[in-house]
Each structure stands twice: as structure tokens, then as C-alpha cells.
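The lines below spell out each chain.
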Amino acid sequence: MALGTLAFLAMGWSETDLEKQEYYIVTIFIPAIATVSYFSMAMGYGLTELAVPWQSQPLDIYWARYADWLFTTPLLLLDLALLAGADRNTIATLVGLDVGMILTGLVGALTTASPGMRIAWWGISTGFFLVLLYVLVSRLSSQAAARSGDVASLFGTLRNLVIVLWTAYPIVWIVGTEGLGLVGLYPETAAFMVLDLTAKVGFGFVLLRSRNVIDQAVEEAAGATPS
Ligand code: RET
């Protein structure tokens, strides 16, 4: 994550156009936040042990993940929204749903009432996620369709990356130690790590290496009438 942050910093270092800088600033903060979050988990800080009545050993909950996701997932959506030339209401809707998803997921991770209650919160969080996906493929995609071919196509690639990778998170959660416990903490942690790296650093590389597409998106946004 730290290397990704440095690479994105280097890619954006010489950019002087304020509008284009927006893409770099948003994209640099994503792995930068994750670097701090992973550091805190590695140091044993972002972890809490929950005593639960239905099993003898406590549940290890890495709450720092949720602090990371609370900020980085809206930033990822903001990158997509910038490309799509989304209006303010669409951005606010996406961010609202996203924050709802992460916070209800955190409640699910921290609740010790019963396994059923944890799964119920997972269900609520997944509900937010499904509506978010719907807004992504309907409203945001129709706004992106008004962009030129290259911009619309990069948007499509990144949107599909988000749909596929983000869908894996609730699955890992429910099969992992937070949910049904079919998979142990080690493989779960490894899966989240690979997902986080791809969804943040992979996503950022696909976006920022397309310099000419960002140029085009910014030009089109400047030419568009404000909504
Ligand atoms: C949780 C809780 C259970 C239900 C759902 C979840 C969704 C999480 C997502 C996280 C995405 C994170 C990314 C991070 C870094 O780049 C919170 C696991 C639906 C979609 C993309």
C-alpha cells in the first residue's frame, strides 16, 4: 500500500492542472489511508477481542478495516463519479449508501448478541451494497454514457472491476470468522489483503496510467453545462 501511494504520488507530481489534480489527490489518499490502517493492524492496535457467549474462544475483530473502508470506499466511488461526470445528487446518494454499508457492517462485526443478530446486520449492510450496485449500473452508468468513447470505456472497465471485487467482500465476511466461521482467520485475512490491494492499488493504476483519458474527461467536464 505504501509503495502504491508513492507510485501514485510520482505519477501525479508534475500535474499542474487543478482539475486533473483531483484524480491524483483522490487516488493517492486511498492507499495512503490503507497504509496507516494496515500499520495499525500489524502493530496490534486495530484489533479487538470480543468475548461471545456461543463459543469458548473470543472473536478477533480487526475494526481498523472498517475505519479504512469508511474513507477509502467513498474515495473510490468519487473517482468513478469524476470520470462519469456525475451530478452532486448521484455522488451524495452513492456515498450515503456506501457509508451505510460500512457502518452497518461494523455493527455486525461488533455485535455479541447472537450469531443470528450478526448475520442480520450483514443482511442490512448487503442491502445497502445491492442498492449501491444498482445506482452504479443505472444512474451513474447512464451519466457516463454521455461521455466520449475513451472516457466511457475506461469508466466501464473500472466500474466492472468495482462490481466484481466489491462483491467478494460480503462473501469473505460471511464465510469468515465474523460470520459463519467456515474459513479461518488466516485465509480470511489473506483474502481481504489481496482484495484490498487490487481494489485500491490495481484500480488506481488502471485509472492513472490512462493520462490521455483523464485529459479528455476534464476537457469534457469543462465544456459541459453545470447541472
Ligand atoms: C462488509 C460487511 C458485510 C456486508 C458487506 C460488506 C461490504 C464491504 C465492501 C467493502 C469494500 C472495500 C474496499 C476496500 C478497499 O479498497 C462491510 C464486509 C456488503 C464492499 C473496496
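Here we summarise the structure given alongside this text. Because the structure is predicted, anything quoted here is derived from the model rather than measured.

1. Quick notes on the overall build of the protein chain
Helix and strand counts for the protein chain stand at 8 helices and 2 strands. Relative to the globule expectation of 17 Å for 227 residues, the C-alpha radius of gyration of the protein chain, 19 Å, shows essentially globular dimensions. Counting only C-alpha atoms and orienting by the principal axes, one finds that the protein chain spans roughly 60 × 35 × 20 Å. In the protein chain, buried positions account for 44% of the 227 residues. Surface exposure of the protein chain reaches about 10900 Å², of which carbon and sulfur atoms provide 69%. Across the protein chain, the mean location of the 10 positive side-chain charges is 3 Å away from that of the 17 negative side-chain charges.

2. A closer look at the site of the ligand
Not every one of the 16 residues close to the ligand is listed here, only the nearest: Trp122, Ser125, Trp166, Tyr169 and Lys200. Note that an oxygen atom of the ligand is positioned 3.2 Å from one of the side-chain N or O atoms of Lys200. Notes on the ligand: free accessible area 530 Å², of which the protein chains cover 100%.

3. Observations concerning helix α4 (residues 88–110)
Turn by turn, an α-helix covers 3.6 residues, leaving residues three or four places apart pointing in a common direction. If you check α4, its first and last C-alpha atoms are 33 Å apart, about what 23 residues at 1.5 Å a residue would give, namely 33 Å. Where α4 is buried, its residues contact β1 (47–50), β2 (59–62), α3 (64–84), α5 (115–145) and α6 (149–175).

4. Digging into the packing of aromatic side chains
One pass over the structure, following the stated rule, counts 6 aromatic pairs. Taking 5.7 Å as the distance between ring centres and 75 degrees as the angle between the ring planes, the aromatic pair formed by Tyr45 and Trp63 counts as edge-to-face. With Tyr45 in the loop between α2 (18–42) and β1 and Trp63 in the loop between β2 and α3, the pair connects residues that are 18 residues apart, well separated along the chain. Residue classification places Trp63 among the partly exposed positions, given a relative accessible area of 29%. A ring pair is formed by Trp69 and Tyr169, whose centres lie 5.3 Å apart and whose planes are at 90 degrees; its orientation type is edge-to-face.

5. Things to note about the nonpolar core
Membership of the largest hydrophobic core comes to 57 residues, with the highest contact counts inside it found for Leu80, Leu83, Leu136, Leu140, Leu158, Trp166 and Leu207. Put simply, the parts of the chain that give this core at least two residues each are α2, β2, α3, α4, α5, α6, α7 (185–208) and α8 (211–223). Among the elements that take part in this core, α6 stands out by supplying 11 residues, more than any other. Not counting chain neighbours up to four residues away, the residues in contact with Leu83 comprise Tyr23, Arg147, Val151, Leu154, Phe155, Leu158, Leu207 and Ala217.

Cut-offs used in this document
Residues numbered from 1 in each chain as written. Predicted model: local features only at pLDDT ≥ 70, side-chain atom pairs only at ≥ 80, totals over all residues. Heavy atoms only, no water. Helix = DSSP H or I, 4+ residues; strand = E, 2+ residues; numbered from the N terminus. Rg over C-alpha atoms; globule rule 2.2 N^0.38 Å. Buried < 20%, exposed > 50% of the residue type's maximum accessible area, 1.4 Å probe, protein only. Areas by Shrake-Rupley, 256 points an atom, 1.4 Å probe, with all protein chains shown as cover. Lys, Arg positive; Asp, Glu negative; His and termini not counted. Charge placed at Lys NZ, Arg CZ, Asp CG, Glu CD. Near = heavy atom within 4 Å. Polar contact = N/O pair within 3.5 Å; in protein donor to acceptor, adjacent residues only side chain to side chain. Expected span 1.5 Å × (residues − 1). Contact = heavy atoms within 4.5 Å. Phe/Tyr/Trp six-rings, centres within 6.5 Å; stacked < 30°, edge-to-face > 60°. Core = buried A, V, L, I, M, F, W, Y, C linked by side-chain atoms within 4.5 Å.

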